[in-house]
Amino acid sequence: MNMQAMLQQAQRMQKDIMNKKAEVDKKIFPGKSELVDVEVNGKKEVVSVNIKNKEELTAEDIEILQDMIVIAINDAMSKVDEELNKVMGPYGNSLNGLL
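Conventions used here
Residues numbered from 1 in each chain as written. Predicted model: local features only at pLDDT ≥ 70, side-chain atom pairs only at ≥ 80, totals over all residues. Heavy atoms only, no water. Helix = DSSP H or I, 4+ residues; strand = E, 2+ residues; numbered from the N terminus. Rg over C-alpha atoms; globule rule 2.2 N^0.38 Å. Buried < 20%, exposed > 50% of the residue type's maximum accessible area, 1.4 Å probe, protein only. Contact = heavy atoms within 4.5 Å. Pairing = 2+ DSSP bridges. Axes fitted to C-alpha atoms, helices over the stretch in contact; angles between N-to-C directions. Parallel < 35°, antiparallel > 145°, perpendicular 65-115°, else oblique. Left-handed = near helix turned anticlockwise from the far one by under 90°. Nonpolar A, V, L, I, M, F, W, Y, C, P; charged D, E, K, R; others polar.

Looking only at helices and strands, the protein chain has two helices and three strands in total. Starting at the N terminus, the α and β elements of the protein chain follow one another as α-β-β-β-α. Compactness check: the protein chain gives a C-alpha radius of gyration of 19 Å against a globular reference of 13 Å for 99 residues, more than 25% above the reference. By principal-axis analysis of the C-alpha atoms, the protein chain measures approximately 70 × 20 × 15 Å. By residue count, 26% of the 99 residues in the protein chain fall in the buried class. In the protein chain, the proportion of contacts linking residues at least 24 apart, taken out of those at least 6 apart, comes to 53%.

Before going further, it helps to examine the pairing of strand β2 (residues 36–41). Across the six residues of β2, five count as buried, placing the element largely inside the fold. Here strand β1 (residues 28–32) pairs with β2 via five bridges, running antiparallel. Bridge pairing in β2 links Ile28 to Asn41. Note that β2 and strand β3 (residues 46–51) share five bridges and pair antiparallel.

It is worth spelling out the packing of helix α1 (residues 3–26) against helix α2 (residues 61–88) at this point. α2 packs onto α1 with a crossing angle of 150° between their chain directions and a minimal axis gap of 10 Å. In terms of axis orientation, α1 runs roughly antiparallel to α2. Remark: the crossing between α1 and α2 carries right-handed chirality. Of α2, the residues touching α1 (which contributes Ile17, Lys20, Lys21 and Val24) are Glu83, Leu84, Val87 and Met88. Here the contact of α1 with α2 is composed, by residue class, of five nonpolar, no polar and three charged.

A word on the sheet that holds β3. Strand pairing in a sheet relies on backbone hydrogen bonds. The paired strands run either parallel or antiparallel. Spatial ordering of the open sheet is given by β1-β2-β3, a layout of three strands whose pairing is antiparallel. Each of the sheet's edge strands pairs with one partner strand only, and the pair in question is β1 and β3. On average, adjacent strands in this sheet sit at an angle of 15° to one another, irrespective of strand direction. This element, α2, spans β1, β2 and β3 of the sheet and lies at about 140° to β1.

Written out as structure tokens, the structure is:
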């Protein structure tokens, strides 16, 4: 394989990777805990936070609620990671840190 063909193949692969990453970036990933639902996009930006049963919460519940928000966000973030691994799997671990 000559150098020109290798460069063209690398450019095609780069374009394919960027397209797949853009698809994941547009998706919304839910995260859930007992008291909180969150949504993050594929860029790992929090899109929404919904506190369940607000009217039942007391001041003492705030600390627990904060923990539940963290759990829900981490749940959503792990779903983004899973999707990226699924979509980018064919390109292997050589892309770590590049996206």
